[in-house]
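Structure assessment
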Amino acid sequence: VQDALAAQAGVDSSTTEVTIDVTADGMVNGMDIDVNLNGSVTGTMDWVNKKMKGHMGMNVELTSPMTFQTQVTGDMYAFDNVSYIQLTMMGSTDNWTKASLPMDFWFSQDQDSQQFIDSILQSTEAESLPDQKVNGVSCYVLQLKPDIAAIQEMLTDQAGIDEEIPDIDSLVESLSIKVWVAKDTSCVTKIEIELSASVPSEVMGGAAGEEGLDISLTVTMQMTDVNEAVSIELPADAEDAEWGNPLDMFSSFSF
């Protein structure tokens, strides 16, 4: 764990693929809820040269309170202090738009990425499982037991003044975290998180005593091309992007 923490601080470039599968069903404010979301996000980061590219593909399916199914895809690039985004939803593709990035974007993204992995590694207990290979790389495998109290404290510290954080320990029914660490470089190559939780209706602003939501979440992250040379070039049709906010295309939808 200590070797992995030290190795993460030296990552200058990498490609990360995140797959996610979420289901939520139950009742809130007298309304039956049945939602399924699954998809993936792939991103290549070049911290030194301040470049990144990413692709997202998400499937959203509701069977209650209405029947609705759609796919959302998106492409994003960032060069220095400008981002370029194109989104497709319900068969309609938005034009490329660009926007200025905050001055601390690259620093904060680097810090957030490292802090996320650090927070996972710094668990109260780590159990060694049989070694495995990930994309041909021999890895140690760790089963981690997260410190729920530390997570509660972190969320509380990050919350706004008027924001109340529910008792995480009472919501989480099971939480499993596995981490694969490359034997040769000590870099994290894979993370798998499986969570099941039962969220009372009142936590989501509903009436007390209602059923609430049962939530199941699986997230898998795989890291490749760590500290290898990457090529990130802006697509030709994005060069003439107009300034704006591509997320405006979602403003007319409310579920």
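So, here's what we can say about the structure. Remember, predicted model here, so these are calculated numbers, not experimental data. Just so you know, the residues in each chain are numbered from 1, in the order the chain's sequence is written. The model is predicted, so local features are restricted to residues of pLDDT at least 70 and side-chain atom pairs to those at 80 or more, both for listing and for counting; the totals for chains, interfaces and linings are taken over all residues. Hydrogens and waters are ignored; side-chain quantities use all the structure's heavy atoms.

1. Brief notes about the overall build of the chain
Going by this rule: We count a stretch as a helix when DSSP gives it H or I for four or more residues in a row; a strand needs E for two or more, and each element gets its number in order from the N terminus. A radius of gyration in this sense is built from C-alpha atoms; the matching globule rule multiplies 2.2 Å by the number of residues raised to 0.38. Note on classification: 1.4 Å probe, protein chains only; a residue is buried when its accessible area is under 20% of the maximum for its type, exposed when over 50%, partly exposed between these limits. Throughout, a residue-residue contact means that at least one pair of heavy atoms, one from each residue, lies within 4.5 Å.
Each helix and strand counted, the chain has 4 helices and 13 strands in total. Computed over the C-alpha atoms, the radius of gyration of the chain is 20 Å, within 12% of the 18 Å expected from 2.2 N^0.38 for a compact globule of 255 residues. When its C-alpha atoms are laid out on the principal axes, the chain stretches across 55 × 50 × 40 Å. Counting the 255 residues in the chain, one finds 35% classified as buried. Long-range contacts, defined as pairs at least 24 residues apart, comprise 57% of the intrachain contacts of the chain with a sequence gap of at least 6.

2. Some words on the environment of M154
Of note, M154 is situated in helix α3 (residues 148-158). The sequence separation of M154 and G30 amounts to 124 residues, and the corresponding C-alpha distance is 33 Å.

3. Here's the deal with the environment of F116
If you trace the backbone, F116 turns up in helix α2 (residues 105-121). Apart from residues lying up to four places away in sequence, F116 is in contact with I193 and M221.

4. A word on the packing of aromatic side chains
Condition: Pairing of aromatic side chains requires ring centres within 6.5 Å, counting the rings of Phe and Tyr and the six-membered ring of Trp. Pairs whose planes differ by under 30 degrees are stacked, by over 60 edge-to-face, and all others tilted. Any Lys NZ or Arg CZ that is within 6 Å of a ring centre and within 35 degrees of that ring's normal is treated as a charge sitting over the ring.
Per the counting criterion, the structure on display carries 3 aromatic pairs. Each ring, one from F105 and one from W106, has its centre 5.1 Å from the other, and the planes form 85°; the classification is edge-to-face. In this pair, the class of F105 matches that of W106, namely buried. Taken together, the ring pairs connect W47, F105 and W106 into an aromatic cluster. Directly above the aromatic system of W180 lies the positively charged group of K190, at a separation of 4.5 Å from the ring centroid.

5. Describing the nonpolar core
Under the convention used in this document: In plain words, nonpolar cores are sets of buried Ala, Val, Leu, Ile, Met, Phe, Trp, Tyr and Cys residues tied together by side-chain atoms within 4.5 Å.
Membership of the largest hydrophobic core comes to 16 residues, with the highest contact counts inside it found for I120, L121, V179, V188 and I191. Secondary-structure elements contributing two or more residues to this core are α1 (2-8), α2, β9 (137-145), β10 (172-182), β11 (188-199) and β12 (212-224). Contacts of V179, omitting those with residues within four sequence positions, involve I120, L121, Y140, V141, L142, L144, V188, K190 and I191. One finds Y77, Y84, L234 and A241 within the second-largest nonpolar core, a separate group that totals 9 residues.

6. Some points on the pattern of salt bridges
Basically, it comes down to this: A side-chain nitrogen of Lys or Arg and a carboxyl oxygen of Asp or Glu constitute a salt bridge if their distance falls within 4 Å.
The tally for this structure, following the rule as stated, stands at 2 salt bridges. For E125, the salt bridge is made with K145, and the minimal N-O distance between the two is 4.0 Å. Of this pair, E125 sits in strand β8 (residues 125-134) while K145 sits in strand β9, placing them 20 residues apart in sequence. Among the residues examined, K145 registers a relative accessible area of 47% and is labelled partly exposed. A salt bridge links D131 to K183; its shortest N-O distance comes to 2.6 Å. Here the residue D131 occupies a position in strand β8, and K183 occupies one in the loop between β10 and β11, the gap between them amounting to 52 residues. When its relative accessible area of 43% is taken as the criterion, D131 is described as partly exposed. Under the relative-accessibility criterion, K183 is labelled partly exposed at 37%.

7. Re the pairing of β9
Heads up, the rule is: For two strands to be treated as a pair, DSSP must find no fewer than two bridges joining them.
The sheet contact formed by β8 and β9 spans 8 bridges and is antiparallel. Note that in β9 the partner of K133 across the bridge is S138. Linking β8 back to β9 in an antiparallel pair, the connection comprises 2 residues, with N135 at a positive phi of about 50°. Of the strand pairs in this sheet, β9 and β10 are connected by 6 bridges, and their pairing is antiparallel. Each residue of the ladder has a partner; that of L142, found in β10, is V179.

8. Regarding unusual backbone geometry
The phi dihedral of K50 falls on the positive side, at around 55°, and the residue is not glycine. For K50, the location among the structural elements is in the loop between β2 (31-46) and β3 (51-64). Residue D225 is not a glycine yet carries a positive backbone phi of 55°. Take D225: it is sitting in the loop between β12 and β13 (242-243). Overall, D225 belongs to the partly exposed group, its relative accessible area being 36%.

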